[in-house]
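Residue strings, one per chain:
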Amino acid sequence: VQLQASGGGLVQAGGSLRLSCAHSGRFFSAYGMGWFRQAPGKEREFVAGINRSGGSTLYSDSVKGRFTISRDNTKATVYLQMNSLKPEDTAVYYCARGWGTNRHQFRYWGQGTQVTVSS
């Protein structure tokens, strides 16, 4: 299984970005997916999760109402739409396969994509 994250970049505060994570391998639709982030000097933290059908989602309090996770099982891709971005959202964002809010509940991880929000 390989996960390829993309879509990061530099954006001003208040702007938007959409991250994508392409899943290679079989049975994408059988697994939940999630996004985590890690800022310099901080631990990796949960951002959002989506179950295998897309019918259930989870968000951290810090992004609820601003970020939206979605998936397209026909394209084996999960997305993270990030709106109203803040400087504190600056981090490397990782996609992962699993379900829950704890990083130990996710077995496979992508390489990360950098998101930088300027004030």
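Residues numbered from 1 in each chain as written. Predicted model: local features only at pLDDT ≥ 70, side-chain atom pairs only at ≥ 80, totals over all residues. Heavy atoms only, no water.

## Some details on the environment of glycine 98
At step 1: Checked against the element boundaries, glycine 98 lands in strand β9 (residues 91-98).
At step 2: With relative accessibility at 13%, the residue glycine 98 sits in the buried group.
At step 3: With twelve residues separating them in the primary sequence, glycine 98 and lysine 86 have C-alpha atoms 27 Å apart.
At step 4: Residues within four places of glycine 98 in sequence aside, it is in contact with Gly32, Met33, Gln105 and Phe106. (Helix = DSSP H or I, 4+ residues; strand = E, 2+ residues; numbered from the N terminus. Buried < 20%, exposed > 50% of the residue type's maximum accessible area, 1.4 Å probe, protein only. Contact = heavy atoms within 4.5 Å.)

## So, the environment of threonine 90
At step 1: The topology assignment puts threonine 90 in the loop between β8 (77-82) and β9.
At step 2: For the pair threonine 90 and glycine 7, spaced 83 residues apart in sequence, the C-alpha separation works out to 14 Å.
At step 3: In this structure, threonine 90 is in contact with Ala39, Gln114, Val115, Thr116 and Val117, ignoring residues within four places of it in sequence.
At step 4: A polar atom in the side chain of threonine 90 sits 2.9 Å from the backbone nitrogen of valine 117. (Polar contact = N/O pair within 3.5 Å; in protein donor to acceptor, adjacent residues only side chain to side chain.)

## With respect to the pattern of salt bridges
At step 1: The tally for this structure, following the rule as stated, stands at four salt bridges.
At step 2: Where arginine 37 meets glutamate 45, a salt bridge forms, and the shortest distance between an N and an O atom there is 2.6 Å.
At step 3: Here arginine 37 falls in the buried class, since its relative accessible area comes to 5%.
At step 4: Put simply, aspartate 61 and lysine 64 hold a salt bridge, and the shortest N to O gap is 3.4 Å.
At step 5: On the basis of relative accessibility, which here comes to 69%, the residue aspartate 61 falls in the exposed class.
At step 6: For lysine 64, a relative accessible area of 51% translates into the label exposed.
At step 7: Among the charged side chains, a network of salt bridges with common partners joins Arg37, Glu45, Arg66 and Asp89. (Salt bridge = Lys/Arg side-chain N within 4 Å of Asp/Glu carboxyl O.)

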